[in-house]
Amino acid sequence: MTTINLQTNRTLTAVLLGVSMLVARVPGAAAQDRLPPIPADKLTEAQKKAAAEFKVERKQDVFGPFVPLSRSPQLMIEAAKMGTYLRFGNSLPRALSEFAIILQSRRWSQQYEWNIHAADAKTAGLPDAIIQAVADGRRPENMTEEQEIVYEFSRELNETRGVSDRTYARMVGKFGEQGMMDLVGLNGYYSLISMVLNVGHTPLPAGVQPGLKPLPR
């Protein structure tokens with residue numbers, strides 16, 4: 001009887017471990033928020049100052065990825081400033097900028113970023129078919145030359161940790177050195193933001209369903 005119970009316990013443990021690992025791999029799966037908003041009475045002076053600066057910078061209270069980032073107040077402020085430029089002021093057309101962002105959101109299976117930027121991409125004029133292809137993890141069809149350059153540059157940079165001479169020349173030829181470097185910045189910054197959100201298990205806003213399905217491994 002003892003042997004049977006021991007074997008049963010081992011089997012149950014293995015099943016539970018397998019389920020927990022599967023849930024951890026599913027984007028949007030329920031997980032406890034590791035780094036939730038800090039109660040006002042628990043904020044350090046540095047965090048209070050950073051929150052005030054953030055409100056001036058972003059015209060709203062600390063939200064989303066900046067909640068976990070607030071554990072390092074100066075990093076949060078510097079990230080907010082970089083994000084303001086990259087999201088709203090970089091030299092690329094807005095639709096292409098948002099294209100690059102959703103590519104990173106999909107690469108990291110980051111539901112919070114996808115929820116924001118898939119909508120922004122649509123508003124900016126990126127075709128629904130391209131947004132859906134990115135969500136599915138597919139190379140979009142019928143891209144314009146500009147879209148294809150941004151896609152290839154971003155793909156090579158992330159997959160090979162560099163870009164070929166041909167891809168580099170196409171990017172600089174179409175968008176100049178500033179546009180090329182802004183695209184590098186978009187890839188790097190939204191990788192950082194995705195890392196922060198994934199590490200923090202930052203949840204989607206209440207009532208919002210995950211927009212990304214798990215990709216095959």
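Figured I'd write up the structure that's included with this text. Throughout this document, residue positions are counted from 1 along each chain, in the order its sequence is written. Local features are withheld for residues below a pLDDT of 70 in this predicted model, meaning they are given only at 70 or higher, and side-chain atom pairs are given and counted only at 80 or more; totals for whole chains, interfaces and linings count all residues. With hydrogens and water set aside, each side-chain value is computed from the structure's full complement of heavy atoms.

1. Points about the packing of aromatic side chains
(1) Moving on: Centres within 6.5 Å make a pair out of two Phe, Tyr or Trp rings, where for Trp the six-membered ring is used; the pair is then stacked when the planes are under 30 degrees apart, edge-to-face when over 60, and tilted otherwise. Under the defined criterion, the tally for this structure stands at five aromatic pairs.
(2) Moving on: Ring centres of Phe54 and Phe66 lie 4.9 Å apart, and the angle between their planes is 50°; this geometry places the pair in the tilted category. Taken together, the residues Phe54 in helix H2 (residues 45-58) and Phe66 in helix H3 (residues 66-69) connect sequence positions 12 residues apart. Summarising the burial analysis for this pair, Phe54 and Phe66 share the class buried.
(3) Moving on: With a centroid separation of 6.4 Å and 25° between ring planes, the pair formed by Phe99 and Tyr151 is classed as stacked. Of this pair, Phe99 sits in helix H5 (residues 94-107) while Tyr151 sits in helix H8 (residues 145-160); the two residues are 52 residues apart in sequence, bridging distant segments of the chain. For the pair Phe99 and Tyr151, a shared accessibility class is recorded, and that class is buried. Helix and strand assignments follow DSSP, with helices taken as H or I runs no shorter than four residues and strands as E runs no shorter than two, numbered in order from the N terminus. Between buried and exposed lies partly exposed: a residue is buried under 20% and exposed over 50% of the maximum accessible area for its type, with that area taken using a 1.4 Å probe on protein chains only.

2. Things to note about the environment of Ile193
(1) Moving on: Its place among the elements puts Ile193 in helix H9 (residues 165-200).
(2) Moving on: By relative accessible area, which is 1% here, Ile193 ends up buried.
(3) Moving on: Here the alpha-carbon distance between Ile193 and Trp108, two residues 85 residues apart in the chain, equals 9.9 Å.

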